[in-house]
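# Topology and contacts: notes
Spelled out, the chains give:
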Amino acid sequence: WSNYMNYIRDEAKADRQKAHWNNLNYWIEALYNGEKSFTDCTKGTFRYDKNLNENMLKVAVVNIKKILGKPNSDDNVILKDSKDNKSLLLDEISIIAPKLVLCGGTYASAKEIFKIEKDEHLPCGLPYFVAEDKNYHKMFFLDFLHPSIYSIRACMLYTFARVAFSEAKDVMSREGIV
């Protein structure tokens, strides 16, 4: 595990323009410490390496597409892979037992897997749905950005994540997902 964490830390340090580990780190910070401003996350007590290691222990990253791919994936390929690997994905989800699932470009596939016809919307406009895994564990699925997005500044993404995650937590609380 420590080798994996070192790889992530080294990858993030080596290419900060690549953004995915950095964004994920900031988003986890927004989820667990939403009162922090972006400046708090980039200066002062926020120590990048330490926080990246601690934050990555709080989440699981799962790829729907189980084959090696390119930096960009075709939505039809992802949807086909989600159908082909539905049983494996459902097992994976049941093992991880997440409360919150951020669908980074895979929301349509998640809806397909859980047979969701209609979604709800957070006040900020993001679609979401609530589903149960095979063990009747309730989960909140949010249509969110992929962490490798590079066209939006990190400070704007962090601010948006703070708002979205705060609203998601309110819904999750009402739904009994704690």
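Our structure's up above, just so we're on the same page.
Residues numbered from 1 in each chain as written. Predicted model: local features only at pLDDT ≥ 70, side-chain atom pairs only at ≥ 80, totals over all residues. Heavy atoms only, no water.

Along the protein chain, the regular secondary structure elements total 8 helices and 4 strands. Put simply, the protein chain runs from its N terminus to its C terminus through helices and strands in the order α-α-α-α-α-α-β-α-β-β-β-α. When burial is assessed residue by residue, the protein chain has 40% of its 178 residues classed as buried. Considering only contacts in the protein chain between residues 6 or more positions apart, those separated by 24 or more positions represent 62%. Accessible surface for the protein chain amounts to roughly 10600 Å². Of this, 53% is attributable to carbon and sulfur atoms. (Helix = DSSP H or I, 4+ residues; strand = E, 2+ residues; numbered from the N terminus. Buried < 20%, exposed > 50% of the residue type's maximum accessible area, 1.4 Å probe, protein only. Contact = heavy atoms within 4.5 Å. Areas by Shrake-Rupley, 256 points an atom, 1.4 Å probe, with all protein chains shown as cover.)

Looking now at unusual backbone geometry. Look at Lys 115: it is not a glycine, yet its phi comes out positive at around 55°. Examined against the element boundaries, Lys 115 turns out to sit in the loop between helix H7 (107–113) and strand S2 (120–121). One non-glycine residue, Tyr 136, adopts positive backbone phi at about 65°.

Here we come to helix H8 (residues 154–175). Taking 1.5 Å per residue, 22 residues should reach 32 Å; H8 reaches 30 Å between its end C-alpha atoms and fits that length. Every buried residue of H8 is listed here: Leu 157, Tyr 158, Ala 161, Ala 164, Phe 165, Glu 167, Ala 168, Val 171 and Met 172. (Expected span 1.5 Å × (residues − 1).)

This part covers the environment of Lys 36. By the secondary structure assignment, Lys 36 is in the loop between helix H2 (20–32) and helix H3 (38–42). The spacing of Lys 36 and Thr 159 is 123 residues in sequence and 9.7 Å in space, taken between C-alpha atoms.

Applying the stated criterion across every chain, the model contains 8 aromatic pairs. Considering the side-chain rings of Phe 144 and Phe 160, the 5.8 Å spacing of their centres and the 5° angle between planes classify their relative orientation as stacked. With Phe 144 in strand S4 (residues 138–144) and Phe 160 in helix H8, this pair connects stretches of sequence that are 16 residues apart. For Phe 144, a relative accessible area of 5% corresponds to the buried category. Measuring from ring centre to ring centre gives 5.3 Å for Phe 144 and Phe 165, while their planes differ by 35°; the resulting arrangement is tilted. Of the two residues, Phe 144 sits in strand S4 while Phe 165 sits in helix H8, which places them 21 residues apart along the sequence. (Phe/Tyr/Trp six-rings, centres within 6.5 Å; stacked < 30°, edge-to-face > 60°.)

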